[in-house]
Number of protein chains: 2
Amino acid sequence: MNLIETIGFIAAILTTVAFLPQVYKTWKTKDVSGLSLPMLFIFFSGVSIWLIYGILKDSPSMIFANSITIISSFLLLYFKLKYSK
Amino acid sequence: MNLIETIGFIAAILTTVAFLPQVYKTWKTKDVSGLSLPMLFIFFSGVSIWLIYGILKDSPSMIFANSITIISSFLLLYFKLKYSK
């Protein structure tokens, strides 16, 4: 793995891991009042397209990161819809 | 602009725009209880490294998206620290 992809993987791990405490917190507290529904919906759509871009750009870091972030953002979207009053 | 960069720019616009309703909502409501501090901190760090990766990978989409997302995520981190009880 070259230097560029090493940096990419560090970035990928950080932005992927970042959503785990948010998913855990939202799942535990069911506190979704502060989460923006448009944000979650647009973000989920965007991450899906980033994954396509990563595949076309032949970027292992982006494929790795966006595959996992799709799942995290889908879960947050699901929690938001489920727990909103 | 070729097809790959067009797809990248669509993704970039979506994941960049996604944070604007969240920043607006948090700014207006000061409701940060549902936002995870580790998430915001790790995400901000990750986006900063993605920007470096985008520069090294010569990806206009990533440079554009991450430059703006750094600002959004910094604002959310600032709000979280400022409005947390």
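Being a predicted model, the structure only gives us computed values, none of them experimental.

**Student:** Give me the lowdown on the relation of the copies chain A and chain B, citing residues and values where you can.
**Tutor:** For the pair chain A and chain B, the best superposition has an RMSD of 0.0 Å and corresponds to a rotation of 180° with a translation of 0.0 Å parallel to the axis. Both copies are brought into coincidence by an operation consistent with a two-fold rotation axis. Within chain A, G34(A) has its C-alpha nearest the rotation axis, a separation of 2.6 Å. Comparing interface residues between copies, 100% of those in chain A also lie at the interface in chain B; the contact surface is shared.

**Student:** Go over a nonpolar patch on the surface, please, and point to the residues and values.
**Tutor:** Residues and elements named next belong to chain A. A cluster of nonpolar residues, I13, V17, L20, F64 and I68, forms a patch on the protein surface that exposes about 380 Å² of accessible area. Where the nonpolar patch is concerned, the elements lending two or more residues are α1 (3-17) and α4 (60-83). As for its position among the elements, V17 is in helix α1.

**Student:** How would you explain the interface of chain A and chain B if you had to name every residue and give the values?
**Tutor:** Taken together, the contact between chain A and chain B spans 39 residues of the former and 39 residues of the latter. Taking both partners together, chain A and chain B bury about 3400 Å²; carbon and sulfur atoms supply 74% of that area. Between the two partners, chain A and chain B, sit 2 salt bridges. One can count 20 residue pairs in polar contact (both at pLDDT 80 or more) joining chain A with chain B. At the level of secondary structure, the elements contributing two or more residues to the side of chain A that touches chain B comprise α1, α2 (19-29), α3 (37-56) and α4 of chain A. No other element matches α3(A), which puts 12 residues into the side of chain A that touches chain B. Partitioned by chemical class, the residues of the side of chain A that touches chain B number 23 nonpolar, 10 polar and 6 charged.

The rules behind the values
For every chain, the first residue of the written sequence is number 1, and numbering continues from 1 onward in sequence order. A letter from A marks each chain and a number from 1 marks each ligand, given out in the order of writing. Local features in this predicted model are restricted to residues whose pLDDT is 70 or higher, and side-chain atom pairs enter the listing and the counts only when it is 80 or higher, whereas totals over whole chains, interfaces and linings include all residues. Hydrogens and water molecules were not included; the side-chain quantities draw on all heavy atoms of the structure. Fitting of the copies onto one another was done by least squares over C-alpha atoms, counting residues only where both copies have pLDDT of at least 70. In what follows, a contact means two residues having at least one pair of non-hydrogen atoms within 4.5 Å. Residues form patches when they are more than 30% accessible in relative terms and have no salt bridge. Like charges link within 9 Å. Nonpolar side chains (Val, Leu, Ile, Met, Phe, Trp, Tyr) link within 5 Å. Each accessible area is a Shrake-Rupley estimate made with a 1.4 Å probe; only the visible protein chains count as cover when residues are assessed. A pairing counts as a salt bridge when a side-chain nitrogen of Lys or Arg comes within 4 Å of a carboxyl oxygen of Asp or Glu. Going along the chain from the N terminus, every DSSP run of H or I of four or more residues is numbered as a helix, and every run of E of two or more is numbered as a strand. By buried area we mean how much accessible surface two parts lose on assembly, using a 1.4 Å probe and totalling the loss over both. Polar contacts, as used here, are pairs of N or O atoms within 3.5 Å; protein pairs need one atom able to donate a hydrogen and one able to accept it. Residues neighboring in sequence count only if both atoms are side-chain atoms. By the convention adopted, Pro, Cys, Tyr, Trp, Phe, Met, Ile, Leu, Val and Ala count as nonpolar, Lys, Arg, Asp and Glu as charged, and the other residues, Gly among them, as polar.

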